[in-house]
Amino acid sequence: RDRNVSMIWLPLLVLLGWDVLWGLAFPLLGEGFRDAIAKDESLITPLLLPVSFLLVFRLGRAAVRYWDARAAAGKLVEICRVLVSTAIVGCSTETTDNHDTDAKMRDDFARWICVFPIAVKNFLRPPNRKGWDDSSRRNKHIFEIGQLLSAEEINELMDTSDGQSEPILVLNRLRELAFDASIRRATSSTTPSIQDAFYRQLNQEIDILTGAWGAMERINATPLPFVYVVHLRTFLVLYLLLWHMEAIAREGWIAVAILLSASWALLGIEAAAVECERPFRWECSHLPMGRVCVVVSQHVAQTIKNVQHRYQNRDK
């Protein structure tokens with residue numbers, strides 16, 4: 001379950017056909033030829049050492065990339081928590097007289113912070129999915145945003161180069177809100193030093209959000225160099241073909257099941273590495289980006305609830 005079987009079954013079928021071919025050919029070629037091939041184990045086994053090192057490095061790099069992607073996603077959630085807390089508390093103080101404007105600014109911050117992980121998810125995932133057309137994809141994105149944005153804002157977001165610039169638009173909106181919030185505090189009784197610190201902190205947190213998105217983009221757009229992958233697969237296939245031929249010559253048909261099982265293990269390492277090096281798609285082995293969006297929305301809602309409750313109690 002959840003394995004990249006599509007990368008394994010075709011090579012296994014080729015190896016099975018290879019085994020059947022040699023199993024039928026050896027009786028026709030004579031015992032002398034079969035004995036000569038069976039003695040070639042000492043020439044084939046040394047190939048296993050470089051193939052093993054190549055597979056270990058391949059899987060290790062894929063695991064590192066997976067962990068780095070998870071760390072970047074965790075950083076995104078963390079900074080969304082910090083940003084919404086800073087912004088909502090900063091817009092909920094008693095230093096201003098227009099509480100309606102403050103409430104609207106709090107809501108705007110909350111809405112765009114919730115939209116940001118959705119925009120990042122849509123940016124990282126491929127534009128096409130089996131069974132989806134452009135209309136289905138657009139409707140899915142609109143459904144995910146829900147009531148967070150107005151129809152005009154959704155259209156603006158959806159029309160940003162087929163979703164490839166959605167995070168940039170959201171970040172721009174957050175920076176505009178940060179500037180407006182700092183100007184709003186400047187017109188109140190807040191001291192300039194507090195206003196400057198508030199604006200600086202909001203921008204630093206938005207900068208970190210941009211960096212987390214950039215880290216995930218680099219992982220998604222930079223797989224292991226193709227020359228390394230070609231080198232690994234060439235020697236892996238060469239080793240498996242020679243090993244199967246030698247084992248069939250020495251052990252006969254009884255070796256086929258064991259050979260295919262061992263080959264599944266070696267091919268599965270490469271398939272697992274391919275599956276994990278870009279962990280932002282829809283597969284079960286990939287990061288649950290939808291869950292990241294839900295967690296951010298829940299934390300934003302909880303922050304708003306706590307801040308509103310605190311200031312309502314203060315007014316009584």
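See above for the structure.
Procedures and definitions
Residues numbered from 1 in each chain as written. Predicted model: local features only at pLDDT ≥ 70, side-chain atom pairs only at ≥ 80, totals over all residues. Heavy atoms only, no water. Axes fitted to C-alpha atoms, helices over the stretch in contact; angles between N-to-C directions. Helix = DSSP H or I, 4+ residues; strand = E, 2+ residues; numbered from the N terminus. Parallel < 35°, antiparallel > 145°, perpendicular 65-115°, else oblique. Left-handed = near helix turned anticlockwise from the far one by under 90°. Contact = heavy atoms within 4.5 Å. Nonpolar A, V, L, I, M, F, W, Y, C, P; charged D, E, K, R; others polar. Expected span 1.5 Å × (residues − 1). Buried < 20%, exposed > 50% of the residue type's maximum accessible area, 1.4 Å probe, protein only. Phe/Tyr/Trp six-rings, centres within 6.5 Å; stacked < 30°, edge-to-face > 60°. Core = buried A, V, L, I, M, F, W, Y, C linked by side-chain atoms within 4.5 Å. Salt bridge = Lys/Arg side-chain N within 4 Å of Asp/Glu carboxyl O.

Colleague: Looking at this structure, how should I read the packing of helix 6 (residues 134–145) against helix 7 (residues 151–158)?
Modeller: For any two helices packed against each other, one specifies the inter-axial angle together with the distance between the axes. Interaxial distance between helix 6 and helix 7 falls to 11 Å at its minimum, and their mutual angle equals 135°. Between helix 6 and helix 7, the crossing angle belongs to the class labelled oblique. For the element pair helix 6 and helix 7, the recorded crossing hand is right-handed. Contacts between helix 6 and helix 7 involve Arg138, His141, Ile142 and Ile145 from the former and Ile154, Asn155, Leu157 and Met158 from the latter. Of the residues that constitute the contact of helix 6 with helix 7, the class distribution is five nonpolar, two polar and one charged.

Colleague: Would you take a moment to explain helix 11 (residues 256–276) for this structure?
Modeller: Each α-helix winds once per 3.6 residues, and so residues spaced three or four apart point in a common direction. The terminal C-alpha atoms of helix 11, which comprises 21 residues, lie 30 Å apart, in line with the 30 Å expected from a rise of 1.5 Å per residue. For helix 11, the set of buried residues is Val256, Leu259, Ser263, Leu266, Leu267, Glu270, Ala271, Ala273 and Glu275. Against the buried residues of helix 11 lie helix 1 (9–29), helix 4 (48–90) and helix 10 (226–251).

Colleague: Help me understand the side chain of His244, please; the structure alone is not making it clear to me.
Modeller: As for its placement among the helices and strands, His244 is situated in helix 10. The class of His244 is buried, set by a relative accessible area of 0%. In this view, His244 contacts Leu15, Trp18, Asp19, Leu259, Leu260 and Ser263; residues no more than four positions away in its chain are not counted.

Colleague: So what exactly am I meant to see when it comes to the packing of aromatic side chains here?
Modeller: Each aromatic ring pair is characterised by the separation of its centres together with the angle its planes make. Across all of its chains, the model carries eight aromatic pairs by this definition. Ring centres of Phe179 and Tyr199 lie 6.1 Å apart, and the angle between their planes is 75°; on these two criteria the pair is classed as edge-to-face. Note that Phe179 is positioned in helix 8 (residues 166–186) and Tyr199 in helix 9 (residues 192–221), a separation of 20 residues in sequence. Look at Tyr199 and you get partly exposed, because its relative accessible area is 32%. Within the aromatic cluster, the residues linked to one another by ring pairs are Trp18, Trp22, Phe26 and Phe33.

Colleague: Help me understand the nonpolar core in this model?
Modeller: The tendency in soluble globular proteins is for nonpolar side chains to be buried as a group. Grouped together as the largest cluster of nonpolar side chains are 56 residues, with contacts concentrated most on Leu76, Phe109, Leu174, Leu209 and Met216. Elements with a minimum of two residues in this core: helix 4, helix 5 (99–124), helix 7, helix 8, helix 9 and helix 12 (289–315). Top element by residues in this core is helix 5. It accounts for 13 residues. For Leu209, the residues in contact, after removing those within four places along its chain, are Leu76, Ile79, Cys80, Leu83, Phe116, Leu171 and Leu174. Core analysis: the next-biggest nonpolar cluster, separate from the first, contains 18 residues, Ile8, Tyr228, Val229 and Leu267 among them.

Colleague: Help me understand the environment of Val51, please; the structure alone is not making it clear to me.
Modeller: Mapped onto the fold, Val51 is located in helix 4. Distance in space between the C-alpha atoms of Val51 and Leu232 is 6.9 Å, their sequence separation being 181 residues. Not counting residues within four places of it along the chain, the set of residues in contact with Val51 comprises Leu232, Phe235, Leu236 and Tyr239.

Colleague: Would you take a moment to explain the packing of helix 1 against helix 10 for this structure?
Modeller: The N-to-C vectors of helix 1 and helix 10 enclose an angle of 35°; their axes lie 9 Å apart at closest approach. With respect to the hand of their crossing, helix 1 and helix 10 are arranged in right-handed fashion. For the pair helix 1 and helix 10, the contacting residues are Leu15, Trp18, Asp19, Trp22, Gly23 and Phe26 in the first and Leu240, Leu241, His244, Met245, Ile248 and Ala249 in the second.

Colleague: When you look at the pattern of salt bridges in this model, what are you seeing that I'm missing?
Modeller: Pairs may arise between side chains of opposite charge once their charged atoms sit close together. One pass over the structure, following the stated rule, counts 14 salt bridges. Among the ionic contacts, a cluster of salt bridges with common partners joins Arg58, Arg233, Glu270 and Glu277.

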